[in-house]
Every structure is written in C-alpha cells, then in structure tokens.
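Secondary and tertiary structure notes
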Amino acid sequence: QVYLVESGGGLVQTGGSLTLSCKVSGSGLDTLALAWFRQDEYGEREFVATISWVTGVTYYGDLVKGRFSISRDKAKNTVDLQMNKVKPEDMGVYVCAAGIYRPVMFTKGLDADFFGWWGRGTQVTVSS
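What counts, and where the lines are drawn
- Residues numbered from 1 in each chain as written.
- Predicted model: local features only at pLDDT ≥ 70, side-chain atom pairs only at ≥ 80, totals over all residues.
- Heavy atoms only, no water.
- Pairing = 2+ DSSP bridges.
- Helix = DSSP H or I, 4+ residues; strand = E, 2+ residues; numbered from the N terminus.
- Axes fitted to C-alpha atoms, helices over the stretch in contact; angles between N-to-C directions.
- Phe/Tyr/Trp six-rings, centres within 6.5 Å; stacked < 30°, edge-to-face > 60°.
- Buried < 20%, exposed > 50% of the residue type's maximum accessible area, 1.4 Å probe, protein only.
- Lys NZ or Arg CZ within 6 Å of the ring centre and 35° of its normal.
- Salt bridge = Lys/Arg side-chain N within 4 Å of Asp/Glu carboxyl O.
- Contact = heavy atoms within 4.5 Å.

1. Describing the sheet that holds strand β8 (residues 78-83)
- The sheet built from four strands is open, its strands ordered β1-β3-β8-β7 with antiparallel pairing. The strands lining the two open edges of the sheet, one partner per strand, are β1 (2-7) and β7 (68-73). On average, each strand axis in the sheet is inclined to that of its neighbour by 20°, with strand direction left out of account.
- As defined by bridge partners, β1 adjoins strand β3 (residues 18-26) across six bridges and the pair is classed as antiparallel.

Listed below in structure tokens is the structure:
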C-alpha cells in the first residue's frame, strides 16, 4: 500500500513559479514510478511528469516540457514538481500518483490506468 499527500498549491501569476510536493509513504517504494497529473474542472486528467523512484529518470508531457521539473528526495520521501513560466492553461488540481514501474510509463504510451495509487490533489490557480 502506498499513501500520497500533496501540498504547495495556491495562487500564482502568469509567468511565475510554484513548487508542489508529494509526501510518499508505504511499502515497496523502490518498485515505483511516481507521477503528477493535472485534473481540470471537468475531471479530465492530463499527464504532467513522471519519475522513477530508484533511478530518478524522468519523462514529461509535451505541454510542460522545458518549463516544469520533477524530482524526488529519498531522504524526505517526497516527489516535487517545480513549475516555472506558468501559463493560464496550467491551472487545475495537481494530483500525485504512484504505480509499479513499467518502461512504458516513460513513453507516449503512458496511461493513467498504470498508476494504482492516487493522492487527493492540490489546487493551482493561475492569475493573468
């Protein structure tokens, strides 16, 4: 079982920066890939970024590549999402997810169904 608790959401201006954090607890962390998804007001989930807990290898969605950075801290058991050059379309609920590592999680074949554990999310609001 894996437990995920997000924090760090809030109001950010267009072009600004914000850091989200996901506290990870449970067993078998070394078998996991951790990811961030953005959920819009219709409940649709969009992939943002994923990271291997063991190797730190990362993969990003096209809309955030070059602007966002995902990292993990094994000592603190956290996965952070550094959001830079934020745009209005980045607004939404950011949800942390975990799943048993599969190489496909680091390709365009990634699917939200690969992730079996989900946090409750943290709201990011972007002002113009």
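Alright, that's what it looks like, and here's the rest.
2. So, the packing of aromatic side chains
- Using the criterion set out here, one finds six aromatic pairs in the structure.
- Centre to centre, the rings of Phe37 and Trp118 are 5.0 Å apart; their planes meet at 50°, and the pair counts as tilted. Highlighted residues: Phe37 in strand β4 (residues 32-39) and Trp118 in strand β10 (residues 117-118), separated in sequence by 81 residues.
- Assessed through its relative accessible area of 3%, Phe37 is described here as buried.
- An angle of 70° between the planes, with centres 6.5 Å apart, marks the rings of Phe115 and Trp118 as edge-to-face.
- Linked through ring pairs, Phe37, Phe47, Tyr59, Phe115 and Trp118 together constitute an aromatic cluster.
- Lying over the aromatic face of Trp118, Arg45 brings its terminal NZ or CZ to 3.8 Å of the ring centre.

3. Remarks on the pattern of salt bridges
- Under the definition given, this model contains four salt bridges.
- Ionic pairing is found between Lys65 and Asp62, a salt bridge with its closest N-O pair at 3.3 Å.
- A relative accessible area of 52% means that Asp62 is categorised as exposed.
- Taking the shortest distance from any N to any O, the salt bridge between Asp90 and Arg67 comes out at 2.8 Å. Residue Asp90 is located in the loop between β8 and β9 (92-100), and its partner Arg67 is located in the loop between β6 (58-60) and β7; the two are separated by 23 residues in the primary sequence.
- Connected through shared salt-bridge partners, Asp62, Lys65 and Lys108 make up one network.

4. Section: unusual backbone geometry
- One non-glycine residue, Asn77, lies in the positive phi region at around 55°.
- Following the sequence through the fold, Asn77 ends up in the loop between β7 and β8.
- Take Asn77: its relative accessible area is 23%, and that puts it in the partly exposed class.

5. Comments concerning the side chain of Thr78
- One can find Thr78 in strand β8.
- What Thr78 contacts, discounting residues up to four positions off in sequence, is Ser21, Cys22, Lys23, Trp53, Ser71, Arg72 and Asp73.

6. Remarks on the pairing of β4
- When you tally the buried positions in β4, you get seven out of eight residues, the bulk of the element.
- Two strands pair when backbone bridges link them, and β4 and β9 are joined in this way by eight bridges, in the antiparallel orientation. What sits directly across from Gln39, in β9, is Val93.
- By the bridge criterion, seven bridges tie β4 to strand β5 (residues 45-52) in an arrangement that is antiparallel. Bridge pairing in β5 links Ala33 to Ser52.

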